[in-house]
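# Structural features, examined
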Amino acid sequence: MGRNILKSSLQNASFSIVFQILCRCVTFAINAYIVRSVGRDVLGIMNVRLLLLESTLLFLSREATSRAALSATSLKKSSCSWPQLINQMWLTVPICAFLCFPFLYIWLNVLSSVDPQLQDQYTFGCYAIAVSCVIEMCAEAPVFLGQVFCFVRLKVILDTLHIFVRSVVFIAIVTSNKSIAIYAFGIAQLSSALTIILGHYIFFHVYTKKLTIFRERLKKEEDKGALLNKMGSHFDHMDDFPFTSVGQMLPRILSEEKILNSDLQVLILSFVKQGVLKQILTEGEKYVMSVSPVLSFSEQATYDVVNNMGSLAARFIFRPIEDSSYFYFTQTIARDVMLKEQEPEKVSEASKVLANVCKVVMSIGLVGFVFGQSYSGTILLLYGGRDFVAGGLPELLLRWHSLAIILLAVNGITEGYMFATNTSKEIDG
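Figured I'd write up the structure that's included with this text. Quick caveat, the model's predicted, so the values are computed rather than measured. Numbers given for residues are sequential positions, taken from 1 along each chain in its written order. Only residues with pLDDT of at least 70 get local features here, since the model is predicted, and only at 80 or more are side-chain atom pairs given and counted; chain-wide, interface and lining totals rely on the full set of residues. The basis for every side-chain value is the complete set of non-hydrogen atoms in the structure, without hydrogens or water.

## Some details on the side chain of E136
Inclusion rule: Secondary structure counts use DSSP, requiring at least four H or I residues in a row for a helix and at least two E residues in a row for a strand, with both numbered from the N terminus. Working definition: with a 1.4 Å probe on protein chains only, accessible area under 20% of the residue-type maximum means buried, over 50% means exposed, and in between means partly exposed. The criterion used for residue contact is that any of the two residues' heavy atoms lie within 4.5 Å.
By the secondary structure assignment, E136 is in helix α5 (residues 119–137). We classify E136 as buried; its relative accessible area is 14%. Sequence-distant contacts of E136, that is, excluding residues within four places in its chain, are made with L58, R62 and I196.

## Quick look at the packing of aromatic side chains
The following threshold applies: The criterion for an aromatic pair is that two Phe, Tyr or Trp rings (for Trp, the six-membered ring) have centres within 6.5 Å, with stacked assigned to planes under 30 degrees apart, edge-to-face to planes over 60 apart and tilted to the rest. When the NZ atom of lysine or the CZ atom of arginine is within 6 Å of a ring's centre and also within 35 degrees of its normal, the charge is said to sit over that ring.
As enumerated under the stated definition, the model contains 12 aromatic pairs in all. Ring geometry for W82 and F243: centres 5.8 Å apart, planes at 75°, overall edge-to-face. Taken together, the positions of W82 in helix α3 (residues 82–90) and F243 in the loop between α9 (224–231) and α10 (262–291) put the pair 161 residues apart, joining distant regions of the chain. Accessibility expressed as a relative area gives 3% for F243, which makes it buried. An angle of 20° between the planes, with centres 5.8 Å apart, marks the rings of F203 and Y207 as stacked. Taken together, the residues F203 and Y207, both in helix α8 (residues 181–220) and four residues apart, mark about one turn of the helix. Under the relative-accessibility criterion, Y207 is labelled buried at 7%. Of the aromatic side chains, those joined through ring pairs into one cluster are W82, F144, F149 and F243. Above the ring of Y326, the side-chain terminus of R67 is found at 4.5 Å from the ring centroid.

Written out as structure tokens, the structure is:
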């Protein structure tokens, strides 16, 4: 009844792709409504400025810790205990709270100013984003456990609920008053963050109670095989799930070992260095637009729409595959052990998976490039109307952007493999 890493990774990738499509369809409809009803300036503030603040805080707070912790949970022997891992995941909360102060100051006082009529809404939106990020970090420990122990259905259900709550709250407020769209955006972000934390803790509270009862029955039951066949499918992770209550997922002082693992800290620092550079490369154009007053929010919104359209394949398909592949490689290949000293079957399986995944994403990238040349104008016309595509510049940008899909296809998978298998020294180098 142990975890099937490859199967769970494939399931996670498949469900994530379906979820991303659902999510983007909802976002597509909401953004199209904003463009036609509220205006591009508001869309630019929300999708460029405020979402950039969210992605920056979340990435810098948890990305390095999450990647390093996944390596520590490898099936290979690890010096890092579960209490130390939980403490490490909770460390993201004060890190996020600390980062909020300088970034809020920059977003409110340094970056190019917004329309005075929207200033109060913008200020509220910035604070709402910061608070929602801190709230979301409070759920990082159960989110991490759900990923490690392959609770694929939990991820799908809660991610869908998260998007549903955010969309419903936003649409409900904007429908009643279009002039407070940014207020609605901030309230929707706070609501969805609360959904994430409540959903995960409620699930694991119920799961650990049922798991404890199941284990007690298993000890008393004479016909253990029949009980396993009857109820075992509901507790696929019971053999190695180390927690018996939600309280054990909270940070605590350890009496017999250090609060944090020193080896894990070294690996996290290595990922931090790479993460900062990756964030700058990923969101670089948004940072430039936010700092420079050259582009208006309306023009930023146009660019953001084209950028999102052009990266649909990367968001729908490549990112879920990359995340699942990274998890699979961390659990299959030991980071600090020479390949010749590892199990040949696992090394062979990992190499085949890497080769096949690269072929698949490359094929998808070529398909996206071919169709992007023919249907860019049609998609943008359906999205924003004739005024949006006037002049032909958005269509030209989208056609060129589709070329980048081919490069994004292989880059994400090979980068994930490198980060999953390289040592901290190799990552630093």
